[in-house]
Amino acid sequence: MHFPFATKLIAACAGLAGAVAAFSHIVLESKSAPASSSYKAVFLVGHGCQGSATTGVSVQIPTGFLGAKPYPKAGWTVTTQLGKLAKPHDSHGKQVTEDVTVVSWKAATREVALPDAFFDEFVLRGKLPESAGPLWFKVLQTCDSGSNDWSDVPVSGTATQGLKFPAVLLEIQPAASAQHHH
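Notes on the structure follow. Quick caveat, the model's predicted, so the values are computed rather than measured. (Residues numbered from 1 in each chain as written. Predicted model: local features only at pLDDT ≥ 70, side-chain atom pairs only at ≥ 80, totals over all residues. Heavy atoms only, no water.)

What follows is about the nonpolar core. In summary, soluble globular proteins display a tendency toward joint burial of nonpolar side chains. Ranked by internal contacts, the top residues of the largest apolar core, which has 31 residues, are Phe43, Val59, Phe65, Leu124 and Phe137. Of all elements in the fold, only strand S3 (38-45), strand S4 (54-60), strand S7 (94-107), strand S8 (120-127), strand S9 (133-143) and strand S11 (168-173) reach the threshold of two or more residues within this core. Every residue in contact with Val59, bar those within four places of it in the chain, is listed here: Phe43, Thr101, Val102, Val103, Trp105, Leu124, Phe137, Lys138 and Val139. (Core = buried A, V, L, I, M, F, W, Y, C linked by side-chain atoms within 4.5 Å. Buried < 20%, exposed > 50% of the residue type's maximum accessible area, 1.4 Å probe, protein only. Helix = DSSP H or I, 4+ residues; strand = E, 2+ residues; numbered from the N terminus. Contact = heavy atoms within 4.5 Å.)

Along the polypeptide, Val100 turns up in strand S7. With a relative accessible area of 12%, Val100 lands in the buried category. Along the backbone, Val100 and Thr80 are 20 residues apart, and their C-alpha atoms lie at a distance of 6.3 Å. The contact partners of Val100, leaving out residues within four places of it in the chain, are Ile61, Ala68, Thr80, Gln81 and Leu82.

Time to look at the sheet that holds strand S5 (residues 66-70). What the four strands build is an open sheet, ordered S1-S3-S8-S5; its pairing is antiparallel. At either margin of the open sheet sits one strand with a lone partner, and together these are strand S1 (27-28) and S5. (Pairing = 2+ DSSP bridges.)

Bringing the pattern of salt bridges into the picture now. Once the charged atoms of two side chains with opposite charge are near each other, the side chains can pair. Counting across every chain of the model gives two salt bridges. Measuring nitrogen to oxygen at the nearest pair gives 3.0 Å for the salt bridge that ties Asp120 to Lys73. Separated by 47 residues along the polypeptide, Asp120 in strand S8 and Lys73 in the loop between S5 and strand S6 (76-91) bring together distant segments of the chain. Looking at Asp120, the relative accessible area reads 24%, which means it is partly exposed. The residue Arg110 makes a salt bridge to Asp144 at a minimum N-O spacing of 3.5 Å. In this pair, Arg110 sits in the loop between S7 and S8 while Asp144 sits in the loop between S9 and strand S10 (147-150), placing the two residues 34 residues apart along the sequence. Overall, Asp144 belongs to the partly exposed group, its relative accessible area being 41%. (Salt bridge = Lys/Arg side-chain N within 4 Å of Asp/Glu carboxyl O.)

Quick look at unusual backbone geometry now. One non-glycine residue, Ser36, adopts positive backbone phi at about 65°. Within the secondary structure, Ser36 sits in the loop between strand S2 (32-34) and S3. Within the chain, Gln50 stands out as a residue other than glycine whose phi angle is a positive 50°. Residue position: Gln50 is located in the loop between S3 and S4.

Written out as structure tokens, the structure reads:
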């Protein structure tokens, strides 16, 4: 016996439950991307800290994510921090030995801070590593009162269940290979 309506209903409910859980911490809009591709990281912020407004978001750029460039945000000051690369790389024929290691947005005034009851996104772009696997972005969310340090990474695997402040996970998929079909 088939129950397509029941199956669809269960899938929809599971999706809604996942959406509610997804907004309990900072997540990426696109949770996976192919290796070696350019990637637009959209960090979704669904709440403040213990009821207070978000005044800053600072993203640690993981090893292997190259050439991070933040998108400006009206009313927010954006800064980048450079650091030495463990493994230099070639970019357009030029040897790159340091790159952006931290991107930060800070509300210019209290009026533009992100209220706890509101939702917003913070965006940066860069090139993904050549290898498939998990890539963890650690995010410090500062608020009018307190902060949330989204930096917990599981000891093994990618399950974040049980972590109070999970880092933001991007699943790097194997690079799409060009195939010729006849």
